[in-house]
Amino acid sequence: MSGRLQDKIALVTGAGQGIGEAIATKFAAEGARVIVADVSGRQDDVAATIGGIPYHLDVGDDAAIDALEEHLRAEYGGIDVLANNVGVNGAAALCHEYPMEDFDRVLRINVRQSFRVMQLGLRLMLERGGGSIVNTASIGGLLATPTAVAYITSKGAIVMMTKTAALEYAQKNIRVNAIGPGITRTPWLDKLDAALIDTLAAQVPQGRLGEPAEMANVAAFLASDEASHVSGQLWVIDGARSAG
Ligand SMILES: NC(=O)c1ccc[n+]([C@@H]2O[C@H](COP(=O)([O-])OP(=O)(O)OC[C@H]3O[C@@H](n4cnc5c(N)ncnc54)[C@H](O)[C@@H]3O)[C@@H](O)[C@H]2O)c1
């Protein structure tokens with residue numbers, strides 16, 4: 001049976017675990033050839049499991065992004081789908097005490113380097129005649145959280161980066177959207193204690209955290225032609241957390 005992403009070339013960054021792994025898995029199940037990119041080494045296992053193609057990538061490295069762009073152009077004639085998913089967290093501190101080294105690190109990876117990866121996608125899709133980009137923002141791109149100014153600022157920036165690109169390339173058959181996960185059960189949460197996770201889950205009207213596969217389902221829809229008139233949107237997936 002033909003999937004919603006049948007024979008599409010899809011690049012997923014941060015695909016070694018968590019939401020990125022779930023997106024890569026879903027894209028492969030929908031028939032895509034998935035380039036599973038991560039810095040951790042786990043991309044090899046994920047690619048082997050889903051029948052994808054592993055690629056070692058540090059999105060913090062401009063030269064590595066350029067090399068990946070050239071590789072994708074030469075090897076596959078570009079890409080049809082990009083899930084631009086890498087994001088990092090920073091220190092927990094109030095604004096007036098927030099450590100600038102953390103602010104710079106989080107903004108650099110989450111904004112500047114996400115933008116560099118989005119540029120790669122846009123250039124390859126312009127050459128190919130179209131495509132779909134799904135950036136990973138966050139519920140934090142919509143709702144602020146105390147003591148997380150770097151992360152929240154970065155995810156707000158991703159939302160506006162997404163909307164800007166959607167406007168610029170709407171006539172070029174390129175759609176650009178963002179997913180906005182609420183708190184999602186990934187290894188990202190391993191650093192939090194169990195009581196805090198319970199508190200966070202209780203704040204969700206559905207009474208539970210999101211699962212990576214629930215983020216991936218929305219990403220696959222946005223990546224597919226079923227979302228052909230959807231662009232420039234933040235799709236929040238949060239069990240109604242941001243509804244009231
Ligand atoms: N988990 C949540 O609750 C949650 C909520 C909202 C948004 N998000 C966003 O979803 C995305 C994924 O989150 P997650 O929870 O799956 O995270 P995670 O930390 O579990 O996984 C992130 C993956 O990205 C990879 N990575 C990190 N730095 C990289 C780099 N420089 N180059 C290449 N790969 C790199 C890691 O190796 C890892 O495999 C992030 O953008 C995050 O901000 C997560």
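Structure: above.
Calculation notes
Residue numbers restart at each chain and count upward from 1, following the sequence in its written direction. Residue-level local features of this predicted model are given only where pLDDT is at least 70; pairs of side-chain atoms are given and counted only at 80 or more, and the full residue set underlies all totals for whole chains, interfaces and linings. The helix count covers DSSP runs of H or I at least four residues long, the strand count covers runs of E at least two residues long, and both are numbered beginning at the N terminus. Here, residues touch in the contact sense if the C-beta positions derived from the backbone fall within 7 Å of one another. The axes used here are C-alpha line fits, helices contributing only the stretch in contact, and every angle between their N-to-C directions lies in the interval 0 to 180 degrees. By definition in this entry, angles of less than 35 degrees are roughly parallel, angles greater than 145 are roughly antiparallel, angles of 65 to 115 are roughly perpendicular, and the rest are oblique. Each crossing gets its hand from how the near helix is turned against the far one by less than a right angle, where anticlockwise is left-handed and clockwise is right-handed. Take the buried Ala, Val, Leu, Ile, Met, Phe, Trp, Tyr and Cys residues, join any whose C-beta atoms are within 7 Å, and the set you get is a nonpolar core. Exposure classes come from backbone-placed C-beta atoms, where a residue is buried if 20 or more other C-beta atoms lie within 10 Å of its own, exposed if 12 or fewer do, and partly exposed in between. Whether a residue is near a molecule or strand depends on its C-beta atom, generated from backbone atoms, being within 6 Å of that molecule or strand. For this classification, the nonpolar set comprises Ala, Val, Leu, Ile, Met, Phe, Trp, Tyr, Cys and Pro, the charged set comprises Asp, Glu, Lys and Arg, and every other residue, Gly included, is treated as polar. Strand pairing requires that DSSP identify at least two bridges connecting the strands.

Asks: Quick one: what's the story with the environment of isoleucine 158, residue by residue and with numbers?
Replies: As for its placement among the helices and strands, isoleucine 158 is situated in helix H5 (residues 149–169). When sequence neighbours within four positions are dropped, the list of residues in contact with isoleucine 158 reads Asn110, Val111, Ser114, Asn135, Ala137, Gly141 and Ala178.

Asks: Tell me what's going on with the packing of helix H1 (residues 18–29) against helix H7 (residues 212–223), and back it up with residues and numbers.
Replies: Following both chains from N to C, one finds H1 and H7 inclined at 50°, their axes separated by 8 Å at the closest point. Between H1 and H7, the interaxial angle falls into the category oblique. Considering only the axes of H1 and H7, their crossing is right-handed. Residues Gly18, Ile19, Glu21, Ala22, Ile23, Thr25, Lys26 and Phe27 of H1 lie in contact with H7, whose contacting residues are Pro212, Ala213, Met215, Ala216, Asn217, Ala219, Ala220 and Ala223.

Asks: Describe the nonpolar core, with residues and values.
Replies: Membership of the largest hydrophobic core comes to 55 residues, with the highest contact counts inside it found for Ala10, Val12, Ile23, Phe27, Val36 and Ala219. Counting residues per element, this core draws most heavily on H7, at seven residues. Sequence-distant contacts of isoleucine 23, defined by excluding residues within four places in its chain, comprise Val12, Ala15, Ala83, Asn85, Ala216 and Ala219. One finds Val106, Ala148, Ala150 and Ile152 within the second-largest nonpolar core, a separate group that totals six residues.

Asks: For the site of the ligand, give the residues involved together with the corresponding values.
Replies: Around the ligand sit 27 residues, and of these Gly14, Gly16, Gly18, Gly87 and Trp188 come closest. For the shell around the ligand, the residue count by class is 10 nonpolar, 14 polar and three charged.

Asks: Tell me what's going on with the sheet that holds strand S4 (residues 81–84), and back it up with residues and numbers.
Replies: Strands sit in the order S3-S2-S1-S4-S5-S6-S7 across an open sheet of seven strands; the sheet is parallel. The two strands at the open ends of the sheet, each matched to only one other strand, are strand S3 (53–56) and strand S7 (234–237). Taking the axes of each pair of neighbouring strands and ignoring which way they run, one obtains an average angle of 20° across the sheet. Both strand S1 (residues 9–13) and strand S2 (residues 33–38) contribute to a ladder of five bridges, which runs parallel. Across the sheet, residue alanine 10 finds its bridge partner in S2, namely valine 34. Packed on one face of the sheet, H1 meets S1, S2, S4, strand S5 (131–136) and strand S6 (174–181) and runs near 170° to S1.

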